[in-house]
Each structure stands twice: as structure tokens, then as C-alpha cells.
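What follows is the residue order along each chain.
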Amino acid sequence: MPVTRTLLGCLFVAVLQCASLSCAHEDWRGGIQAKLLYSQQKGLRVAEVPPNSAAARGGLQVQDQILSIDAQSVEGWPLVQVLDKLRGSVGSTIRLGIRRDSKRLTLEVERAPYK
């Protein structure tokens, strides 16, 4: 999956896009359909949640900080590893540990195809 990285100050924007790219999993064709921001100071955050997207249906909101993916902390992970864990088979689910304001929540998101 191609990742478009744009330098905005010290933030990198990871735009998850659909493309015909062969990867380790041939059946990955889905994901959470959200735009993410990463910085060393603030970690991995949700920048955009399109209406009716997998992320929206799973309850993700802009500014949520993603702390874990399937109970594994993402602290110190390179962006490529995060993106690899977020994508998967359409219809499969992923558990995201997030921080919203001062609360910790666990959300389950069903991966959907990219459009």
C-alpha cells in the first residue's frame, strides 16, 4: 500500500490509499479508512475520519491517539509497521487501544475496502 508522506512542520501525514501493490498478505485489500498524523511528541493520532468509513463505524474520532493495535503497544514502531498492522482482509476486525481526552478506550473496527 503506498503511503504519501507530507512534511508539515514536524508532523508526517500518512494517507492510506488503495492501489494494486503486492505485499506480504495477498488478501489485505482493506483497512480502517482514516488519515493519521505522527509526531514524536504526540505519537500516532487520527487526523481525519471520513463519513461512513470503517473508522467512523468503529467509533474513531479526530484527535484520538492510537496507543495499541490488537493489544500490542505501537510506541516506538516505525510508521511502516503501523500501516502493515492496520491493513488486512476486508471484513476482518482490528482492536485499537486509544486515548481520547484523558480516557482510554478500546474500539473494534471492521476493515473495509479502499475506494
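The structure contained in this document is the topic of the report that follows. (Residues numbered from 1 in each chain as written. Predicted model: local features only at pLDDT ≥ 70, side-chain atom pairs only at ≥ 80, totals over all residues. Heavy atoms only, no water.)

### Let's talk about the layout of surface pockets
So, step 1. Each pocket or cavity is described by its volume, and for the largest pocket that value is around 260 Å³.
So, step 2. Only β4 (35-39), β5 (43-48), β6 (65-69) and α2 (79-86) provide two or more residues apiece to the lining of the largest pocket.
So, step 3. If one sorts the elements of the lining of the largest pocket by residue count, β6 sits on top with three residues.
So, step 4. Class assignment of the residues belonging to the lining of the largest pocket gives a composition of nine nonpolar, seven polar and two charged. (1 Å grid on protein atoms, 1.4 Å probe; cavity = no way out; pocket = protein on both sides within 12 Å on 5 of 7 lines; lining within 4 Å. Points joined across faces, edges and corners; volume = space filled by probe spheres on them. Helix = DSSP H or I, 4+ residues; strand = E, 2+ residues; numbered from the N terminus. Nonpolar A, V, L, I, M, F, W, Y, C, P; charged D, E, K, R; others polar.)

### What to know about unusual backbone geometry
So, step 1. Non-glycine residue Q33 carries a positive phi angle of around 60°.
So, step 2. Locating Q33 in the fold gives a position in the loop between β3 (30-31) and β4.
So, step 3. Taking the relative accessible area as the measure of exposure, Q33 reaches 13% and is therefore buried.
So, step 4. Residue A71 is not a glycine yet carries a positive backbone phi of 70°.
So, step 5. When you line up the elements, A71 lands in the loop between β6 and β7 (72-73). (Buried < 20%, exposed > 50% of the residue type's maximum accessible area, 1.4 Å probe, protein only.)

### Examining the pairing of strand β8 (residues 93-100)
Side-chain direction in a regular strand flips from residue to residue, so the side chains alternate between the two faces of the sheet.
So, step 1. With four bridges connecting them, β6 and β8 associate as antiparallel partners. Its bridge partner being in β8, S68 is matched across the sheet by G97.
So, step 2. Linking two consecutive strands that pair antiparallel, namely β8 and strand β9 (residues 103-110), is a turn of two residues; a positive phi of about 55° is found at D101 within it. (Pairing = 2+ DSSP bridges.)

### Overview of the pattern of salt bridges
So, step 1. All told, the structure shown has four salt bridges when counted by the stated rule.
So, step 2. Across the pair E48 and K35 runs a salt bridge, and its minimum N-O distance is 3.4 Å. In this pair, E48 is assigned in strand β5 and K35 in strand β4, connecting sequence segments 13 residues apart.
So, step 3. For E108, the salt bridge identified is with R95, shortest N-O distance 3.8 Å. (Salt bridge = Lys/Arg side-chain N within 4 Å of Asp/Glu carboxyl O.)

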